[in-house]
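Coordinate inspection notes
So the chains spell out like this:
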Amino acid sequence: MLFSSARRIGFGSMQLTGPGHWAAPDDPERVMQVLRDVVDAGVAHIDTADAYGPFTAEKYIRKALLPYPEGLVIATKGGLTRQGPNQWAPCGRPEYLRQCVEMSLRRLQVERIELYYLHRIDPAVPLEDQLAVLRDMQAEGKIGNIGLSKVTLEQLRTASELVDVAAVQNKYNVTNRASEDVLRHCEMAGIPFVPYAPLAAGALATSDALGQIAQDYGATPAQLALAWLLHRSPVMVPIPGTSSSTRLRENLAAEQISLTPEAMTAIELAATGRKPGRGEDEP
């Protein structure tokens, strides 16, 4: 399996950059220590992208972790360009995607990227052309598995006719389940579903409503939100990101929380501010 570690929670590296996910962080040494702590904690899946910085997160992963421990899956992405802080634009031209892969190989200092995502489907370029170049590089041994990010169900189905989709990374958390249809398709197809923004950009970590329930578990709101994801589906592989080793350990502890179906419903209702309706359990 692609993600065979006993740990289901991976690590997202987008927070290891400057404000707006642009340029370098204020304290590069602390960032690299977090990455070393990730590996020491038994995490075997680190998610990154050439657009984070751009190029910053990949560079620090290499500096902190090379030589990489056996079994570590470093997943990266290409197909987004950066124009400034919080600015992103897709570019799916085959020659550009090939360059993205080659440069990620160089920055990470590996001969093969185990999981490579098309970061965004470029609407200006035929999907067939975007995936064809990744399939070619897979045949060349430079990519192990191909993933898709921020896709609709229709796009996923179309792409699956062209390549073997090894993972899907869409926004998903207890307050945003717009990709529910994609998740269900992944379950039926046995495709790992990697939710980005699992804590809703930090909003769930400070949720007073979740905090009230979390007290019953001796947990934090963030831990409860991550536990909800793990219980939501067996193909779920959350990748919470942080620049704090303390928060990293807290996030990983969510794997130890056991939730009943009633607790799952209570968390959903509390997080979304809804009241129980017919067929819903009281929290």
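None of these values were measured; they are calculated from a predicted model.

Okay, helix α9 (residues 245-252) next. Of the residues making up α9, those classed as buried are Ser245, Leu248, Asn251 and Leu252. Considered in projection along α9, the buried side chains sweep an arc of 115 degrees and stay on one side of the axis. Those residues of α9 hidden inside the fold are in contact with β1 (11-12), α1 (28-40) and α8 (221-232). Capping the start of α9 is the job of one residue whose side-chain oxygen sits 3.3 Å from the backbone nitrogen of Thr246: Ser244.

Bringing the nonpolar core into the picture now. Judged by nonpolar contacts, the single largest core of 75 residues is most densely connected at Phe11, Leu35, Val168, Phe193 and Leu259. Looking at this core element by element, the count peaks at 8 residues for α8. Those residues in contact with Leu35, other than ones at most four positions away along the chain, are Phe11, Leu16, Ile46, Tyr60, Ile61, Ala64 and Leu65. Membership of the second largest hydrophobic core comes to 11 residues, among which are Leu2, Ala75, Val194 and Val237.

Attention shifts here to the environment of Ala266. Structurally, Ala266 is set in helix α10 (residues 261-272). Owing to a relative accessible area of 7%, Ala266 belongs among the buried residues under this scheme. With 53 residues separating them along the chain, Ala266 and Ile213 place their C-alpha atoms 8.2 Å apart.

With that settled, the discussion passes to the confidence of the model for the protein. When pLDDT is averaged along the protein, the result is 94, and 96% of the positions lie at 70 or above. Long-range and interchain partners of residues 276-283, a stretch whose pLDDT sits below 50, account for 12 contacts in this model, where long-range means more than four residues apart.

Criteria and thresholds
- Residues numbered from 1 in each chain as written.
- Predicted model: local features only at pLDDT ≥ 70, side-chain atom pairs only at ≥ 80, totals over all residues.
- Heavy atoms only, no water.
- Buried < 20%, exposed > 50% of the residue type's maximum accessible area, 1.4 Å probe, protein only.
- Helix = DSSP H or I, 4+ residues; strand = E, 2+ residues; numbered from the N terminus.
- Arc of directions from axis to C-beta.
- Contact = heavy atoms within 4.5 Å.
- Polar contact = N/O pair within 3.5 Å; in protein donor to acceptor, adjacent residues only side chain to side chain.
- Core = buried A, V, L, I, M, F, W, Y, C linked by side-chain atoms within 4.5 Å.
- pLDDT = per-residue confidence, 0-100.

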